[in-house]
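One-letter residues, chain by chain:
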Amino acid sequence: MRLRQEYEKAEYKNIWVVAEILSGKVQPVTHELIGAARPLADQRNSQVWVVLMGSGVTSQAGSLFTFGADKVIIVDDERLSGFVDELESKVLVRLIEKYKPETVICGATTRGRALIPRVAVMTNCGLTADCTGLGIDPENGDLLQTRPAFGGNIMATIRCPSHRPQMSTVRPRVMKAPEPDLNRTGETIQEAVEDSDTAKIKRIIEIFHSDETVVNLADARIIISGGRGMKGPAGFDMLRKLAAKVGGAVGASRAAVDAGWIPYAHQVGQTGQTVQTKVYIACAISGQIQHLVGMQSCDLIIAIDKNPDTPMMQMADIAVQGDVFEIVPEIIAQIPKL
Ligand SMILES: Cc1cc2nc3c(=O)[nH]c(=O)nc-3n(C[C@H](O)[C@H](O)[C@H](O)COP(=O)(O)OP(=O)(O)OC[C@H]3O[C@@H](n4cnc5c(N)ncnc54)[C@H](O)[C@@H]3O)c2cc1C
C-alpha cells in the first residue's frame, strides 16, 4: 500500500474511527474521537466513518451517528468477542484495502495500542502514537498529529505526507465528546469476518480481570492520587479510604509506581493514563511535567503538599500546605459530618 505515485493519494478519502469496545460496549473514547474527526472531515469535504468490530455490537451503531458519524461499518461476529488483535487487525486491513480511508484514528487504549501498530505494519503506513491534538491540512489532507516529545518538554506536530492511510492513536479524555444529536442518523455497511482472517491466529480461552490491574481511571469523577511523599503502600491504604468515602478512584505518580507501592494501572501521566475528572486531589505529588500532562485538564485540582512552591501547588485551584498524613485523616474524619 506504499504510495509511489501522487495520484494514488487521491483515491483515499474519509476519516475512520475504530470503535473501542470493552465487554461488548462502545467506550466513551469512541465518542471523543468522532467529535475530533468531525471538523477535520468537514474541512476536507469528506465523511466520518466508524468501524464497529465485536460480538453483538450491531445495536450500538445508532448512537454513533448521534455523535457525528456518517457511516458505520459493522463487523458483528462472535469470533470477535473478547479481543484478539491478530484477528481484528486482519479484518481492519481488508476493510482499509477495500474502502481506502485517508485517515484512521483509534483510542490510545490497551486495545488500540495493540491493534493499530499491527495494522500500520501490515499496510506499510506510518503511525503516530499517543496524540494529544489533531488538526488537518485542508489542501492535501495531511493529518497534523500533535504529541509530547523529548520527555514531554516539547509538543511535536507530525505529518505523514506520502503514505495513506495515515494513522494515529489518541489518548482517552484528551478530547471532549460532543453532545449527542438524537435526530442525527447515517448509513450502515455490513461486513463479515472471512475464513482467511481466522487462519493461524491464537484463541482466547479465558479472560481474567483483577482489581489490582484493571483500574478505570478514565471514567472516574474524582481521583485521589498519591506520590513519593506517601512514603509506602500504607500511605496508599489511607488514600483508598478517602476514595471509598467520596466514591473516587486512586491514582499515582510514577515515582510511587516505580517504588512498587501501587500497580502501574494506577499511574497518571505521560507514560500512564490521561484523566479528565471533575476533581483531582494530588497528595504529595510535586507535579513534574510528565505527571501534569496526564491530569491538567481536570476541572478542579486540589494539591496537598508540605512544599508550597512545587509546580503542582502553584497550578492547583486549591493548594493545601501541610503534612499529608495529618490532613488526609482529618478529611476522612470530617466527611460524615459534611
Ligand atoms: C520519559 C518520562 C516519562 C515519565 N512519565 C511519568 C508519568 O506518566 N507519570 C508521572 O507521575 N511521572 C512520570 N515521570 C516521572 C516524573 O518526571 C517525576 O519523577 C515524578 O512524577 C515524580 O513523582 P512525585 O511527584 O510523586 O515525586 P517527587 O517529585 O519526589 O515529589 C514528592 C512530593 O511529596 C512532597 N511530600 C513529601 N512528604 C510529604 C508529606 N509528608 N506531606 C506532604 N507532602 C509531602 C514533597 O514536598 C514533594 O513535593 C516520567 C519521567 C520521564 C523521564
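Cut-offs applied
Residues numbered from 1 in each chain as written. Predicted model: local features only at pLDDT ≥ 70, side-chain atom pairs only at ≥ 80, totals over all residues. Near = placed C-beta within 6 Å. Helix = DSSP H or I, 4+ residues; strand = E, 2+ residues; numbered from the N terminus. Nonpolar A, V, L, I, M, F, W, Y, C, P; charged D, E, K, R; others polar. Pairing = 2+ DSSP bridges. Axes fitted to C-alpha atoms, helices over the stretch in contact; angles between N-to-C directions. Contact = placed C-beta atoms within 7 Å. Domains from an automatic or database assignment. Parallel < 35°, antiparallel > 145°, perpendicular 65-115°, else oblique. Left-handed = near helix turned anticlockwise from the far one by under 90°. Buried ≥ 20, exposed ≤ 12 C-beta atoms within 10 Å, placed from the backbone. Core = buried A, V, L, I, M, F, W, Y, C linked by C-beta atoms within 7 Å. Expected span 1.5 Å × (residues − 1).

1. Details of the site of the ligand
Here is step 1: Near the ligand lie 28 residues; those nearest to it are G227, G229, S253, R254 and G269.
Here is step 2: Of all the secondary structure elements, the ones that give two or more residues to the shell around the ligand are α8 (254–258), α9 (289–292) and α11 (324–334).
Here is step 3: Per-element accounting of the shell around the ligand gives the leading share, three residues, to α8.
Here is step 4: Partitioning the shell around the ligand into residue classes produces seven nonpolar, 16 polar and five charged.

2. Here's the deal with the sheet that holds strand β17 (residues 318–321)
Here is step 1: Strand order in this open sheet of five strands is β14-β13-β15-β16-β17, and the pairing throughout is parallel. Of all strands in the sheet, those bounded by a partner on one side alone are β14 (249–252) and β17. Put simply, the sheet's adjacent strands are angled 20 degrees from each other on average, direction ignored.
Here is step 2: Relative to the sheet, helix α7 (residues 233–246) contacts β13 (222–226), β14 and β15 (279–283), its axis offset from that of β13 by approximately 170 degrees.

3. What to know about the domain arrangement of the protein
Bring the parts together and some accessible area is lost; that lost area is often taken as the interface size.
Here is step 1: Taken as a whole, the protein is organised into domain 1 (6–198) and domain 2 (217–337).
Here is step 2: Inter-centroid distance (C-alpha atoms) of domain 1 to domain 2 is 32 Å.
Here is step 3: Between domain 1 and domain 2, the residue contacts involve eight residues of the former and eight residues of the latter.
Here is step 4: Of the residues that constitute the side of domain 1 that touches domain 2, the class distribution is three nonpolar, three polar and two charged.

4. Considering the packing of helix α4 (residues 85–99) against helix α5 (residues 110–123)
Here is step 1: Close contact between α4 and α5 brings their axes to 9 Å; oriented N to C, the two are set at 45 degrees. Taken together, α4 and α5 sit at an angle that is classed as oblique. In this structure, α4 crosses over α5, and the sense of that crossing is right-handed. Side by side, α4 and α5 meet where D85, E88, S89, L92, V93 and I96 of the first sit next to A114, L115, R118, V119, M122 and T123 of the second.
Here is step 2: For the contact of α4 with α5, the class distribution of residues is seven nonpolar, two polar and three charged.

5. Looking at the environment of A243
Here is step 1: Here A243 shows up in helix α7.
Here is step 2: Judged by C-beta crowding, with 20 C-beta atoms within 10 Å, A243 ranks as buried.
Here is step 3: Distance from A243 to P233, taken between C-alpha atoms, is 15 Å for residues ten residues apart in sequence.
Here is step 4: Setting aside its immediate chain neighbours within four residues, A243 contacts I224, G248, A249 and V250.

6. Some thoughts on the packing of α7 against α11
Here is step 1: Interaxial distance between α7 and α11 falls to 10 Å at its minimum, and their mutual angle equals 30 degrees. As summarised for this structure, α7 and α11 are arranged roughly parallel, according to the angle between their axes. At the point where α7 passes α11, the crossing takes the left-handed sense. Side by side, α7 and α11 meet where M238, L239, K241, L242 and K245 of the first sit next to V328, P329, I331 and I332 of the second.

7. Remarks on the nonpolar core
Here is step 1: V17, A37, V50, V51 and L52 are the most contacted members of the largest nonpolar core, which totals 54 residues.
Here is step 2: Examining the composition of this core, we find that seven residues originate from one element, helix α2 (residues 28–43), more than from any other.
Here is step 3: Residues L242, Y280, M295 and A303 belong to the second largest nonpolar core, which totals 34 residues.

8. What to know about α5
Here is step 1: In this model, α5 (14 residues) spans 21 Å end to end at C-alpha, consistent with the 20 Å of a helix rising 1.5 Å per residue.
Here is step 2: Considering only its buried residues, α5 is in contact with α4, β6 (103–107), β7 (127–131) and β11 (166–170).
Here is step 3: Positive phi appears at N124, one or two residues downstream of α5, with a value of about 60 degrees.

9. Some words on the pairing of strand β1 (residues 15–18)
Here is step 1: Of the two faces of β1, the one holding I15 and V17 and the one holding W16 and V18 are both buried throughout.
Here is step 2: Where β1 lies against strand β4 (residues 48–54), four bridges are found, and the strand directions are parallel. Counterpart to V18 in the pairing with β4 is V51.

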